[in-house]
Each structure stands twice: as structure tokens, then as C-alpha cells.
Amino acid sequence: MCGIIGYIGNTSPIDILLNGLKHLEYRGYDSAGIALGNLNRLMVIKAAGKLANLQQEISQSSLLSSPNRGIGHIRWATHGKGNAVNAHPHTSLNGNLAIVHNGIIENYKDLKAELINQGYVFQSETDTEVIAHLIGFYLQQGSNLHQATRQACSRLHGAYALGVISQAEPHKLIAVRHHAPLILGQSRSGNYIASDIPALIGQADSTLSLEDDELAELSENNISVFAADDTICHKTFKPLTMSADSIDKLGYRHYMLKEIHEQGNITRQLLHKRLPSAEAEVNLPDINISSSRLQAIRQIEIIACGTSLHAAEVGKYLIEELTGISTQVMAASEYLCRRSLSSEHTLCIGVSQSGETADTISAIRKAKEHNAHILILTNRPDSSITRYADSLLPLEAGIEVSVAATKSYTAQLVAFYLLSLYLAEHLHSVDAAQLSALKQELLQIPTQIETILQNDQEIKACAQQFNHSRNFIYMSRGINVATAQEGALKLKEISYINAGAYPAGELKHGPIALLDETLPVVSILIPGGSGYAKLLSNNEEAKARKAPLIAITSSQDKELNKLFNHVITVPQVSELLSPLTTNIPLQLLAYYIADSLGRDVDQPRNLAKSVTVE
Ligand code: AGP
């Protein structure tokens, strides 16, 4: 969603801010801005639209001489349109104070009314501007910048990560967070703040995640961190080891394509670390549930949103299959709307690539309040959601830049395979021979993924034939219903083509009315799996209504070519493991359709990489 970068030091901040914002672009935004400060004054430059517009504004401005600090922001509109006036930084005190903000201030209307009564004039429709004026107000009351920021924060309800600079203290940059991520960075040439690590790659040498309600004072050559009660904290910065390659397209046309192609390696590395051989026990060192607590677990809940929710559906299937424990999957936003039945006998699994999804964080907080053991599956082990984790399962998929999740989904699936095997081992719910056969097959998956990636001609041909369809149906039975849902979501997100996903048995209960020659139906069928024959019948029914048919299958049966317009084959794999392979052609299908339509594949309209509002 929105992104923050800030710098104070002995280099000109402009390039540092623009580089940082460029590396945050993937999060999705509709306007951008920077504020620069030297020892005499501040200046703010903002623009609607992409960073190129901001760069143009900067090139046409007469800039401050020798700025020593700056803050920058990309905004994804929540309160007020995505225009230059609503873009951050927002200012107070006649431009002598500037702030950038991620998050949402829930009581901004009350605060705004109070400030207007005192004569403050608002320029924008944003919730953020109240923070600028509040800090300005406390500065005028005689507080210093640190105190004024604290006093303002004490009035705010909601979530915020803030960067603040003021002419009152030109050698200071203040950072503070509450329920929104903020990172500090250090280098020889100065100190940084950022909402996410990519903004600091190639700039800072070491980083530190600020905790909730901590406040940092940055100067050109020092960073002091203060706890919520304003006592000084002694913190250790960790070296920033992520290389620029991790946020480079490395010759691929889009990040999404690069990330799809990384999946063989990512799954291989994850498996190698957690399951070095079929004879080994699954090694998940950050799962901290005691044997007695595990034995007492009566239900498992999995909470997630979007693509992570589809991984959760596969996880439910696996856990129930391998442990027999009843497992429920809930969209985080829905878990928040209902009575929670979580208890100390519940294992609650939160799944979030980013670890910053507001709905998932709130739902996990609620489950924790009901004493569930919280296990978090995330690609970002130092993200906000991990504050609630009793146990952790890191995905280790590397930074995912494309808004559409691909490699993180596959890593989530692998994590669920590992977790269900781990639970089965510890609960002795499956016999050793069956476990070992499953592990053996799992270890083949990385090579099978690579085989699919190397043979994408049929997928490209299919994309070419159907890229002008306005609607698609995806369907399957059993464990691959989740794959159908994820395939449909991918297509919708990046191509803007409508796609519905159904358990194939549901087709005849309604969606069949939609079928005609303009509506392609994509089916995932695994021979030997539950309902293969019935799925074929469902396709016959669709063909009788003239729908073009596409199969994703491991079947070698040549007869399928008579029924289906396109047969996209994946290597032979048991039904239980097939979501790891069948999803790959669906990612590529969505990608090639979207690309052929000229869509902005990596940054689809209206979407953000992490959705930090409920
Ligand atoms: C995935 O392609 C989507 N952009 C989106 O559905 C995403 O999966 C969802 O917002 C959840 O994000 P998270 O995994 O970071 O919590």
C-alpha cells in the first residue's frame, strides 16, 4: 500500500528518496511526494500518478541548496482522491513542519473539527493532515519535536507509521510507529527510515525494525530509539544482506514472470532445509507447541486473505487428510465479524505473505485473545503479524515484487505440506511407510515445476486464443478446487477479465446457465484422483453447451484432445500433491493473457501489495 522513505545525512537526499520510492513502487500507489530540508527552510514537491511525474516536477523546481534531510512517500488513496493535494508530505506551521504517514487515523474527523475551531486551515481531504497540524500545535505550545510528536500520537486512534521533519530542529528526523511497519537504517553517509526493506537495499548497510510505540530520533550521525515510556532502548542493527538482484527483473519482461520462474529453486531450497531426505523427520525449529498441548488440540483454524486464503484451503485438505483434526478456513475479515470459538484447544494458523495485512493481523489478535496457539506462515518473519506468533513457519521465498502473488503461494503450499507431515509425525496419525512415500514424492516437486516452466508453448497458444474472452470459468473437484480459485483470482487481478471458480459438481446448480461458445472453461483433472470421471462428465456437459474447454492435467490419455480445445499437461503426481504443479500453468495462463492485452502486469490497477487497511 503506501510507502515511506526518509533520510538525514551528508549526501543530497533527492536521489536517496527517489531510489527508495522506486523500490516501494510495487506496493501500488496513485501519487507521490517528497519534502526536503536544509538549515533554513523546508520545501515540498508532490505529483499525482507515477513517480515519473514527481521526477518531472522535481526537475522543473528550483531546489533548496544543500539539503541535509528529506522524507518521501507514495500514496494509495484511502481518504480523498489520488491527486497532488492529497499526496504526502503534509505540512503545518506555514510549511515549517512536514510529515509522511502510512496507516489510517480513525478519529481524524473529531480532531479535524477541533483544529478547525482553533483556526487551522486544511488543504487536503486526508486523515494525515490532522497529524501535521497536531504536531504543529504542540510545537507552538513549547514542546520540542520529540515531545510534540508523542503528544500528537497520544491523541490518535488507528494505525500509523510517521516520518517527521521540522525547521524548529533542522538536525533531526523523527520516526514513530503504531500498528504499521517502520524500519530504521544506517550507513556511513547517514541514517534512514523506511516502511519496508526494499527501499533501503543498496542504500543502508544495516537495519532495525521499530516496535510499536517506539520513537526514533535520527540525526546525521546518530539514531536514538525510545520505548513507549520514553526511556532509551539499546538496539542492535542487523546487517542488510539482501542484494539488489532480489529486486531486479534480471532480464525478465516482468517481475511476475521472474517470480514464476523462481519457483523451482525456491521449493528446492525450502525442502532441502526442512526435509533433506524422505527418511528425515520434518525439521520446523520455530514451531513451539509442546507435545501435551498438541495432543490436546481439538480444532485447527486457518485465517488468511486472497491468495493466502487459497493456500489455506489446500492446507485444510492436507491437515484433515493427514491428521484427522477438523480444520476450518476463514477469510480474516469474516472471522472478525463472528463469534470466535477459538480456545486453548485451538491451533490457529495465520497465513500472510507480507505479514502486514490488516484484516489478518486483527483476526489473529482476536484468536490470541481466545487463548489459541498462534502459528504464523509468512514470507516476512520480522513483519507486524509475527508479534502475535507462538510459532513461526517462514516461507523463505525472497522479496515478491509483483502485486500478484505467485512464488509466495507456492511456498505457502510447500509450508502446508511440511506442516501437515510434521503434525502427522508428532501425532502418529499416519503410518511410517505412507509418510515416507509422500515425502519421496514431495522431494520430486521442484524438478517437476521446472519441467512445466520449460514447456509453456501450449499455455501461450491457449492465452493467444482466449485473450479476448470477457469471462472464464475455472473448476475442479477435491483439493484442486482451491487451485481453480487461485487460477481465477490471478486472471482477474492482472488481466481484468472476470473469472468464476467452482467445485465442478456445483456447475449444474446454476453457473451452467452462463455457458455458451464465448465462455472458456478451465478444468484441473488428476487421473486416479477423486472425481476424475465425474469431472470429465462435467466437461461433456459444458461442451454440449458449446463452451470451449481447457484441461490442466497429468493424464497422458490422447482421447482428451477430442474433448478439450487445449490440453496442458503437468508431470504425473498424486492428487494430494498436485496443487503444487497444477497451479503453475494457471499462473502462466493469466500472465500471458494479461501481457498480450498490454496490462500493467506487475502493478494492476486498484491493487496494492499489502493491504494495511481493514
Ligand atoms: C494476491 O495475488 C493478492 N494480491 C492478494 O489477494 C493477497 O494475497 C492478499 O491481499 C493477502 O496478502 P498477504 O498474503 O500479504 O496477507
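Residues numbered from 1 in each chain as written. Predicted model: local features only at pLDDT ≥ 70, side-chain atom pairs only at ≥ 80, totals over all residues. Heavy atoms only, no water.

Draft legend 1. Main features of the overall build of the protein. Tallying secondary structure elements over the protein gives 19 helices and 25 strands in all. Here the C-alpha radius of gyration of the protein, 26 Å, is about what a compact globule of 614 residues would show, namely 25 Å. Over its C-alpha atoms, taken along the principal directions, the protein stretches across nearly 80 × 55 × 45 Å. Across the 614 residues of the protein, 62% fall into the buried class. Within the protein, counting contacts between residues at least 6 apart in sequence, those at least 24 apart form 71% of the total. On the protein, roughly 23000 Å² of surface is accessible, and the fraction owed to carbon and sulfur atoms is 47%. Here the protein carries 50 positive and 61 negative side-chain charges, and the mean point of each set is 3 Å from the other. (Helix = DSSP H or I, 4+ residues; strand = E, 2+ residues; numbered from the N terminus. Rg over C-alpha atoms; globule rule 2.2 N^0.38 Å. Buried < 20%, exposed > 50% of the residue type's maximum accessible area, 1.4 Å probe, protein only. Contact = heavy atoms within 4.5 Å. Areas by Shrake-Rupley, 256 points an atom, 1.4 Å probe, with all protein chains shown as cover. Lys, Arg positive; Asp, Glu negative; His and termini not counted. Charge placed at Lys NZ, Arg CZ, Asp CG, Glu CD.)

Draft legend 2. Up close: the state of the cysteines. If you walk through the whole model with that rule in mind, you get 0 disulfides. The thiol of Cys 348 is not disulfide-bonded; the next cysteine sulfur, from Cys 305, is found 12 Å away. (Disulfide = S-S within 2.5 Å.)

Draft legend 3. Region of the structure containing the side chain of Asn 538. Mapped onto the secondary structure, Asn 538 falls in helix α17 (residues 532-544). Sequence-distant contacts of Asn 538, that is, excluding residues within four places in its chain, are made with Met 475, Arg 477, Ala 504, Gly 505 and Leu 507.

Draft legend 4. Here's a closer look at the environment of Ser 362. Along the chain, Ser 362 falls in helix α11 (residues 358-369). Take Ser 362: its relative accessible area is 10%, and that puts it in the buried class. With 157 residues separating them in the primary sequence, Ser 362 and Leu 519 have C-alpha atoms 39 Å apart. The contacts of Ser 362, once residues within four sequence positions are left out, are Leu 336 and Glu 614.

Draft legend 5. Examining the nonpolar core more closely. Counting residues in hydrophobic clusters, the biggest one holds 91 residues, and the most contacted among them are Ile 349, Phe 416, Phe 472 and Tyr 474. For this core, the element with the highest residue contribution is helix α12 (residues 407-427), accounting for 14 residues. Phe 472 has contacts with Phe 466, Leu 491, Ile 497, Asn 498, Ala 499, Gly 500, Leu 519, Pro 520, Val 522, Ile 550 and Ile 593, leaving out every residue within four places of it along the chain. (Core = buried A, V, L, I, M, F, W, Y, C linked by side-chain atoms within 4.5 Å.)

Draft legend 6. Structural detail: the site of the ligand. Close to the ligand lie 13 residues; Ser 308, Ser 352, Ser 354, Thr 357 and Glu 493 are nearest. Ser 354 places a side-chain nitrogen or oxygen 2.7 Å from an oxygen atom of the ligand. Within the side chain of Lys 490, a nitrogen or oxygen atom sits 2.9 Å from an oxygen atom of the ligand. Counting residues per element, the ones that place at least two in the shell around the ligand are α9 (306-323) and α16 (481-495). Top element by residues in the shell around the ligand is α9. It accounts for 3 residues. Partitioned by chemical class, the residues of the shell around the ligand number 4 nonpolar, 7 polar and 2 charged. (Near = heavy atom within 4 Å. Polar contact = N/O pair within 3.5 Å; in protein donor to acceptor, adjacent residues only side chain to side chain. Nonpolar A, V, L, I, M, F, W, Y, C, P; charged D, E, K, R; others polar.)

Draft legend 7. Up close: the packing of α16 against helix α19 (residues 579-596). At a closest axis distance of 9 Å, the pairing of α16 and α19 adopts a crossing angle of 20 degrees. With respect to their mutual orientation, α16 and α19 come out roughly parallel. Both α16 and α19 take part in a crossing whose hand is right-handed. Contacts between α16 and α19 pair Thr 483, Glu 486, Gly 487, Lys 490, Leu 491, Ile 494 and Ser 495 from the former with Pro 579, Thr 582, Asn 583, Leu 586, Gln 587, Ala 590, Tyr 591, Ile 593 and Ala 594 from the latter. In terms of residue class, the contact of α16 with α19 is made up of 8 nonpolar, 6 polar and 2 charged. (Axes fitted to C-alpha atoms, helices over the stretch in contact; angles between N-to-C directions. Parallel < 35°, antiparallel > 145°, perpendicular 65-115°, else oblique. Left-handed = near helix turned anticlockwise from the far one by under 90°.)

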